[in-house]
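Understanding the architecture of this molecule
Single-letter residue listing:
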Amino acid sequence: MDPVKRNVLLNPGPSTTTDTVKYAQVVPDICPREKEFAGLMKGLREDLVKIVHGDLEKYTSVLFCGSGTINIDICINSLLPEGKKVLVINNGAYSSRAVEICQFYGLPHIDLKFPVDQRPDLAVVEQTLKDNPDIGLVHTTHNETGTGILNPIREIGALVHKYNAIFTVDTTSTYAMRPINIEEDNIDFCMASAQKGLMSFTGLSFVVGNRSIIEKSKDFPKRSYYCNLYLQYECFEKTGEMHFTPPVQTIYATIQALKEYWAEGEEAKWARHTRVFNAINAGLDELGFKQVIRPEERAGLVSSVIYPDDPNWSFEKIHDYCYERGFTIYPGKISTTNTFRLCSLGAIDEADIKDFFVVFKEALVSTGVQVPVQYKD
Ligand SMILES: *Cc1c(COP(=O)(O)O)cnc(C)c1O
């Protein structure tokens, strides 16, 4: 096995993968309608439930071919009962995406907005649920990847269940990194895609959730054909297959990634991501950078950094300098503040971050940015 050039990706996914995961895609050609392939997907589906400590009787996972956004689309369009409305608890770009999905399907919804650098106010959430007994589905994002804020999903979920609604959580940027317990965290449905916490490739996304709600959703209004949760679930239950062609090579890679996940272990993996996150923050602090989210509210996976006030600062130039040397940094996703992001996912460790900061500092100095960086206020 020849080593593949290793890039350190500090963008919010896809993430750096191991060579063993990369090479797992190289397999003899196979028709995914063969029993052999259905057998592989059965084990994969169970593993995806086990990662969030779900009881296999009560919870299941449903696979889709698409990027992570397909999961948000599927959950919202498939899990809203007739005559009910969606409540989106929105403090960032990914929850705003859920609002756009409601708009595109013409679904009645409430866009309950909070500032992007603050956690949602639970009293306001509860009052909204109380005032709107027709809310049937509540959606929010666990780690708002645009800023890196951690939302209190367990507390929100308890309120959602008190008012008898279904709780869907976008866990795309925490799943298989920050430990989740689907039942204790009061989640009915969570979601992710293979290229993030699992450290595999793009093309495979999945929803993990409550089997009895999926079965009930058989009678909910159908709003999409390709992206209907019940239809895909039913197909898996009857045939063990996806309704339409699966992302074959990504599935092989993801099965290898899961072996590596269990070998590393939930706790050790989260400890590694935390080491990386701490190293990133220490490096940023040393250079004088300010961040958007208060330390105690960070999800521990995304650092959202405010541009310094320096006439020579150019994100593009810094990006290109780092990129040419194997490190990828990423623009921000906040409309009101200019930011960039450094993320702690992927098969990387502290030593990679040390190497990164050598290059990053060189980039600052060589483009004439004053170090430590300066802010006007
Ligand atoms: C990455 C991500 C997604 C999915 O984005 P895609 O570009 O569709 O893969 C969705 N939600 C969150 C919170 C994410 O971080």
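Residues numbered from 1 in each chain as written. Predicted model: local features only at pLDDT ≥ 70, side-chain atom pairs only at ≥ 80, totals over all residues. Heavy atoms only, no water.

**Considerations on the overall build of the protein chain**
- On a plain count of helices and strands, the protein chain comes out with twelve helices and 14 strands.
- Here the C-alpha atoms of the protein chain give a radius of gyration of 21 Å, agreeing with the 21 Å that 2.2 N^0.38 yields for 377 residues.
- Burial analysis of the protein chain (377 residues in total) assigns 59% to the buried set.
- Contacts spanning at least 24 positions in sequence make up 72% of the contacts within the protein chain whose residues lie at least 6 apart. (Helix = DSSP H or I, 4+ residues; strand = E, 2+ residues; numbered from the N terminus. Rg over C-alpha atoms; globule rule 2.2 N^0.38 Å. Buried < 20%, exposed > 50% of the residue type's maximum accessible area, 1.4 Å probe, protein only. Contact = heavy atoms within 4.5 Å.)

**Focus on the side chain of Thr141**
- Structurally, the position occupied by Thr141 is in strand S5 (residues 135–141).
- When its relative accessible area of 1% is taken as the criterion, Thr141 is described as buried.
- Reaching out from Thr141, the side chain makes a polar contact with the side chain of Ser95 at a distance of 2.7 Å.
- Residues contacting Thr141, with those up to four places away along its chain left out, are Tyr94, Ser95, Asn151, Val169 and Asp170. (Polar contact = N/O pair within 3.5 Å; in protein donor to acceptor, adjacent residues only side chain to side chain.)

**Section: the pattern of salt bridges**
- All told, the structure shown has 16 salt bridges when counted by the stated rule.
- In this structure, Asp19 engages Lys22 in a salt bridge whose closest nitrogen and oxygen atoms are separated by 3.4 Å. Of the two residues, Asp19 and Lys22 are both situated in helix H1 (residues 19–23); the distance of three residues between them amounts to about one turn of the helix.
- Connected through shared salt-bridge partners, Arg45, Arg211 and Glu237 make up one network. (Salt bridge = Lys/Arg side-chain N within 4 Å of Asp/Glu carboxyl O.)

**Concerning the site of the ligand**
- As a structural note, the neighbourhood of the ligand is formed by Ser67, Gly68, Thr69, Tyr94, Arg97, Thr141, Thr145, Asp170, Thr172, Ser173, Gln195 and Lys196.
- Contact distances for the ligand include 2.5 Å between an oxygen atom and a side-chain N or O atom of Ser67.
- Take Gly68: an N or O atom from its main chain is 2.9 Å from an oxygen atom of the ligand.
- Calculation on the ligand without its partners gives an accessible area of 380 Å², and the protein chains cover 86% of this total.
- Tallied by class, residues from the shell around the ligand come to one nonpolar, eight polar and three charged. (Near = heavy atom within 4 Å. Areas by Shrake-Rupley, 256 points an atom, 1.4 Å probe, with all protein chains shown as cover. Nonpolar A, V, L, I, M, F, W, Y, C, P; charged D, E, K, R; others polar.)

**Focus on the nonpolar core**
- In this structure, Leu63, Val138, Tyr175, Phe189, Val208 and Leu229 are the most contacted members of the largest nonpolar core, which totals 73 residues.
- Beyond its immediate sequence surroundings of up to four residues, Leu63 is in contact with Met41, Leu44, Arg45, Leu48, Leu204, Ser205, Phe206, Gln232, Phe236 and Met242.
- Within the second largest apolar cluster, 29 residues are counted, among which are Leu10, Phe340, Ile348 and Phe356. (Core = buried A, V, L, I, M, F, W, Y, C linked by side-chain atoms within 4.5 Å.)

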